[in-house]
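# Chain and residue survey
Chain by chain, the residues run as shown.
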2 protein chains.
Amino acid sequence: MKLSPEWVVGFVDGEGCFHVSVEPHPEMTAGYQVLPEFTVVQHERDIQVLYALKRFFRCGVVRRNHGDRFAYRVRKLECLERICEFFMEHPLKTKKNVDFRKFRRIILLMKEGKHLTREGLLEIIDIATGMNTGKRESLERIKRELLSGQRDGPPLSETAGER
Amino acid sequence: MKLSPEWVVGFVDGEGCFHVSVEPHPEMTAGYQVLPEFTVVQHERDIQVLYALKRFFRCGVVRRNHGDRFAYRVRKLECLERICEFFMEHPLKTKKNVDFRKFRRIILLMKEGKHLTREGLLEIIDIATGMNTGKRESLERIKRELLSGQRDGPPLSETAGER
């Protein structure tokens, strides 16, 4: 199965997800790691479409998601950069494009290593908080924690982006 | 917003639905009417994509579906014929194409007026029963009723197709 760029844009407008999670990581300078990912989930009957996307973008993996659903998933920063370049050249037509633009800003900040600093992390959290179905409240909790310099208590793990 | 054919195929591969319901209708010769429809449902934030699809296919309506979701919906037979022609020229890439082919067979049978006869209706029910998430059991109940010539009891109303 060979995919055209326009088909990929239409399919991702429908089924794609740009997602950023922020998770506690004691070994990171700022105490948290930023985990951006691009996913497309399908029922297993359409697993061949997920492999076609993997070939199309020349990166990512296909893994079982849950039950009879599989995901095409991209997590590597250099691969996400390539994905971002593609969707800059071939813009999404739905409001998912708004989330994509925010996702891309986070990828660019990470490329510059900003996620390794407290200030950069705060900026990333602000962007992620503004993403469509972001768990605003919890990201703001992490933000307050970072601003207060406090990192005690139970680990925080929160996500932002369309699921 | 202007849509390309390939984008439309990708988007419908993700979000489109080919659906056939069979409902009781005492004035129809066979006692039931066949109601095929093509729908694309989106959150209201993407209603402009639904209107773009309406312009693209030059038919159909955009209506509130439920809550904050809207649907682009095509029910007129002549419009559904046009939709079928498009997806024959520009094939879907997911397994939704299997359902589409069955949907198209039903549209062609209806164009020939077959749905107005008991035999044609039985053929249509057999095809609809084989569609992906068809309510097999209930369609088979209508079939048994048609075969036995019995049309008493509570009204039957069943659907087949991806929701």
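The rules we used
- Residues numbered from 1 in each chain as written.
- Chains lettered and ligands numbered in written order.
- Predicted model: local features only at pLDDT ≥ 70, side-chain atom pairs only at ≥ 80, totals over all residues.
- Heavy atoms only, no water.
- Least-squares fit on C-alpha atoms with pLDDT ≥ 70 in both.
- Contact = heavy atoms within 4.5 Å.
- Buried area = accessible area lost by both parts, 1.4 Å probe.
- Salt bridge = Lys/Arg side-chain N within 4 Å of Asp/Glu carboxyl O.
- Helix = DSSP H or I, 4+ residues; strand = E, 2+ residues; numbered from the N terminus.
- Nonpolar A, V, L, I, M, F, W, Y, C, P; charged D, E, K, R; others polar.
- Disulfide = S-S within 2.5 Å.
- Buried < 20%, exposed > 50% of the residue type's maximum accessible area, 1.4 Å probe, protein only.
- Pairing = 2+ DSSP bridges.
- Phe/Tyr/Trp six-rings, centres within 6.5 Å; stacked < 30°, edge-to-face > 60°.

## With respect to the relation of the copies chain A and chain B
Turning one copy of the chain about an axis and sliding it along that axis gives the other copy, so a rotation and a shift relate them. Overlaying chain A with chain B gives an RMSD of 0.0 Å, the required rotation being 180° about an axis along which the chain moves by 0.0 Å. On this basis, the relationship between the two copies can be described by a two-fold rotation axis. The overlap is high: 100% of the interface residues of chain A also sit at the interface in chain B, so the same surface is used on both sides.

## Some details on the interface of chain A and chain B
It is common to give the size of an interface as the accessible area that goes away when the parts come together. With 22 residues of chain A at the contact, the number on the chain B side is 22 residues. Around 1700 Å² of area is buried between chain A and chain B when both sides are counted, 53% of it from carbon and sulfur atoms. Along the contact surface separating chain A from chain B lie zero salt bridges. Looking at the side of chain A that touches chain B, the element that brings in the most residues is helix α1 (residues 5-15) of chain A, giving eight residues. Split into classes, the residues belonging to the side of chain A that touches chain B amount to six nonpolar, seven polar and nine charged.

## Focus on the state of the cysteines
Residues and elements named next belong to chain A. All chains considered together, the criterion is met by zero disulfides over all chains. Not part of a disulfide, Cys79 finds its nearest cysteine sulfur in Cys59, a span of 3.7 Å. Here Cys79 falls in the buried class, since its relative accessible area comes to 8%.

## Some points on the pairing of strand β2 (residues 32-43) of chain B
All names here are of chain B. Burial runs high along β2: nine of the 12 residues are buried. Pairing between strand β1 (residues 16-24) and β2: nine bridges, direction antiparallel. Bridge pairing links Gly16 to Val40 in β2. Bridging between β2 and strand β4 (residues 69-74) involves six bridges; their strand directions are antiparallel. Bridge pairing in β4 places Gln42 opposite Phe70.

## A closer look at the pattern of salt bridges
All chains considered together, the criterion is met by 10 salt bridges over all chains. Note that Glu81(A) is salt-bridged to Lys111(A), the shortest N-O span being 3.3 Å. Placement of the pair is Glu81(A) in helix α3 (residues 77-89) and Lys111(A) in helix α4 (residues 96-111), with a sequence separation of 30 residues. With relative accessibility at 54%, the residue Lys111(A) sits in the exposed group. Notably, a salt bridge pairs Arg75(B) with Glu37(B), separated by 2.7 Å at the nearest N-O pair. Remark: Glu37(B) occurs in strand β2 and Arg75(B) occurs in the loop between β4 and α3 (77-89); sequence separation between them is 38 residues. Residue Glu37(B) is classed as buried on the basis of its relative accessible area, which comes to 9%.

## As for the packing of aromatic side chains
Geometry of an aromatic ring pair is reported as the spacing of the ring centres plus the angle between the planes. Taken as a whole and assessed by the stated rule, the structure comprises 30 aromatic pairs over all chains. Ring plane angle 85° and centroid distance 6.3 Å describe the contact between Phe38(A) and Tyr72(A), whose orientation is recorded as edge-to-face. Here the residue Phe38(A) occupies a position in strand β2 (residues 32-43), and Tyr72(A) occupies one in strand β4 (residues 69-74), the gap between them amounting to 34 residues. Judged by relative accessible area, Phe38(A) falls into the buried class, the value being 0%. For Tyr72(A), a relative accessible area of 0% gives the class buried. Taking the centre distance of 5.2 Å and the plane angle of 55° together, the rings of Phe18(B) and Phe103(B) count as tilted. Of the two residues, Phe18(B) sits in strand β1 while Phe103(B) sits in helix α4 (residues 96-111), which places them 85 residues apart along the sequence. Since its relative accessible area comes to 1%, Phe18(B) is described here as buried. The structure contains a cluster of three or more aromatic residues connected by ring pairs, namely Phe18(A), Phe38(A), Phe56(A), Phe57(A), Tyr72(A), Phe86(A), Phe87(A), Phe100(A) and Phe103(A).

Shape is all these values report; function is a separate question.
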